[in-house]
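Below are the chains, spelled out letter by letter.
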Amino acid sequence: ARLSERRPAGRTMNSSIRGALQHYLQAEPALTHSQSVARLYRACLKTLQTWAIDRDVFNEEATRIQQEFRSNMHCDDRTAERLIADTKKQLFDLSHPDSYIPAYMPGGSLYMRNPPLPLSVCYPDGLPEGVEPLKELNPDMTYVQPGEKVAAGRVLVDAAQKKMF
């Protein structure tokens, strides 16, 4: 997706920031219909989590959202595309101004706190037997898969917007 499609309406960026961000943006993966619906459902639950702090309220609303998704499970393609677009718009309109961020994600209280030392510092003469090299991690603490994020060599963390590109 283009940069203009990713940022919220009404917010502008400095041209030098836009140029830097273009360098770090990664290609959107081609998703099947079921994958895009699953991601949309998960995004709805994450948005709900930022608004509903009581677990009982969250469970009731999550059940309502699940029923809404299931009731539209067997609609035709044209209706499905319209429903996805409407849900994305509604999700954007309902997004929390200061959404909940897990502590280890960019913007969280534990983000990049006490990162481990490189093994070359710990073992300057080489790795001893039985010590395995550390697996590379993405900034969101998931292991790097070939061709994504850290493996691609470029990650831009926007701490002000609590996003990762």
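Just so it is clear, the structure is predicted and the values come from calculations on it, not from any experiment.

Engineer: Tell me about the pattern of salt bridges, and name the residues and values.
Structural biologist: All chains considered together, the criterion is met by four salt bridges. Among the salt bridges present, the one from arginine 64 reaches glutamate 61, with a minimum N-O distance of 3.1 Å. Linking arginine 64 with glutamate 61, this pair stays in helix α4 (residues 55-71), spanning three residues, or about one helical turn. When its relative accessible area of 42% is taken as the criterion, arginine 64 is described as partly exposed. Taking the relative accessible area as the measure of exposure, glutamate 61 reaches 29% and is therefore partly exposed. Here arginine 64 makes a salt bridge to glutamate 68, at a shortest N to O gap of 3.4 Å. In this pair, arginine 64 and glutamate 68 are both assigned in helix α4, four residues apart and thus about one turn of the helix distant. In the salt-bridge network here, residues are joined through shared partners; they are Glu61, Arg64 and Glu68.

Engineer: A description of the side chain of threonine 50 should follow, citing residues and the corresponding values.
Structural biologist: Secondary-structure assignment places threonine 50 in helix α3 (residues 33-51). The exposure class assigned to threonine 50 is buried, which follows from its relative accessible area of 14%. A polar side-chain atom of threonine 50 sits 2.6 Å from the main-chain carbonyl oxygen of threonine 47. If we ignore the near neighbours within four places in the chain, the residues touching threonine 50 are His96, Ser99 and Tyr100.

Engineer: Help me get a handle on the packing of α3 against helix α5 (residues 77-93), residues and values and all.
Structural biologist: With their axes 11 Å apart at the nearest point, α3 and α5 run at an angle of 25 degrees to one another. The angle between the axes of α3 and α5 places the two elements in the roughly parallel class. You can see that α3 and α5 cross each other, and the crossing is left-handed. When α3 is examined against α5, the residues His33, Ser36, Val37, Leu40, Ala43, Cys44 and Thr47 are found in contact with a partner set consisting of Ala80, Glu81, Ile84, Thr87, Lys88 and Leu91. Grouping the constituent residues of the contact of α3 with α5 by class yields seven nonpolar, four polar and two charged.

Engineer: Account for α3, naming residues and giving values.
Structural biologist: Here α3 contains 19 residues, and its C-alpha end-to-end distance of 27 Å stays within 8% of the 27 Å for a straight helix at 1.5 Å per residue. Along α3, the positions that sit buried rather than exposed are Leu40, Cys44, Thr47, Leu48 and Thr50. Looking straight down α3, one finds that the buried residues subtend no more than 155 degrees of arc, so they occupy a single side. α3 presents Ser34 and Arg42 as exposed residues on the side facing more than 90 degrees away from its buried surface. Among the structural elements, α4 and α5 are those in contact with the buried residues of α3.

Engineer: Break down the nonpolar core for me, with residues and values.
Structural biologist: In terms of nonpolar packing, the biggest core is built from nine residues, these being Leu40, Cys44, Leu48, Ala52, Phe58, Ala62, Ile65, Ile84 and Leu91. Broken down by secondary-structure element, the contributors of at least two residues to this core are α3, α4 and α5.

Engineer: Any details on the packing of α3 against α4? Residues and values, ideally.
Structural biologist: Where α3 meets α4, the closest approach of the two axes is 10 Å, and the angle between their N-to-C directions is 160 degrees. Viewed along their axes, α3 and α4 adopt a mutual orientation that is roughly antiparallel. For the crossing formed where α3 meets α4, the hand is right-handed. Contacts between α3 and α4 involve Val37, Leu40, Tyr41, Cys44, Leu45, Leu48 and Gln49 from the first element and Phe58, Glu61, Ala62, Ile65, Gln66 and Phe69 from the second.

Engineer: Residues and numbers for the layout of surface pockets, please.
Structural biologist: The space that makes up the second largest pocket amounts to roughly 740 Å³. Leu40, Cys44, Ile65, Phe69 and Thr87 are, among the 29 residues lining the second largest pocket, the residues nearest its centre. When contributions to the lining of the second largest pocket are tallied by element, the ones reaching two or more residues are α3, α4 and α5. At 10 residues, the largest contribution of residues to the lining of the second largest pocket is made by α3. Grouping the constituent residues of the lining of the second largest pocket by class yields 16 nonpolar, six polar and seven charged.

Cut-offs used in this document
Once a new chain begins, its residue numbering starts again from 1 and follows that chain's sequence as written. In keeping with the model being predicted, local features are shown solely for residues with a pLDDT of at least 70 and side-chain atom pairs are shown and tallied solely at 80 or more, while totals for entire chains, interfaces and linings include all residues. Only hydrogens and water are set aside when side-chain values are computed; all heavy atoms of the structure are taken into account. Any Lys or Arg side-chain nitrogen located within 4 Å of an Asp or Glu carboxyl oxygen qualifies as a salt bridge. Per the convention used, a helix needs a DSSP run of H or I reaching at least four residues, while a strand needs a run of E reaching at least two, with both numbered from the N terminus. Any residue under 20% of the maximum accessible area for its type is buried, any over 50% is exposed, and the rest in between are partly exposed; the area is computed with a 1.4 Å probe on protein chains only. Pairs of N or O atoms within 3.5 Å make up the polar contacts considered here, provided that, within protein, one atom can donate a hydrogen while the other can accept it, and that residues adjacent in sequence are counted only when both atoms are side-chain atoms. Residues count as neighbours in contact if any of their non-hydrogen atoms are within 4.5 Å of one another. The angle between two axes is taken between their N-to-C directions and runs from 0 to 180 degrees, where each axis is a line fitted to C-alpha atoms and a helix contributes only its stretch in contact. Working definition: roughly parallel below 35 degrees, roughly antiparallel above 145 degrees, roughly perpendicular at 65 to 115 degrees, and oblique for all remaining angles. Left-handed describes a crossing whose near helix is turned anticlockwise from the far helix through less than a right angle; right-handed describes the clockwise counterpart. Under the scheme applied here, ten amino acids are nonpolar (Ala, Val, Leu, Ile, Met, Phe, Trp, Tyr, Cys and Pro), four are charged (Asp, Glu, Lys and Arg), and all others, including Gly, are polar. Working rule for helices: expected span equals 1.5 Å times residues minus one. It is the directions from the helix axis to the C-beta atoms that the arc portrays. For the purposes of this section, nonpolar cores are sets of buried Ala, Val, Leu, Ile, Met, Phe, Trp, Tyr and Cys residues that join through side-chain atoms within 4.5 Å. The way it works is a 1 Å grid over only the protein atoms, where trapped points that fit a 1.4 Å probe form a cavity and open points with protein on both sides within 12 Å along at least five of seven lines form a pocket, and then any residue with an atom within 4 Å of a point lines it. Grid points are joined across faces, edges and corners, and a volume is the space filled by probe spheres set on the points.

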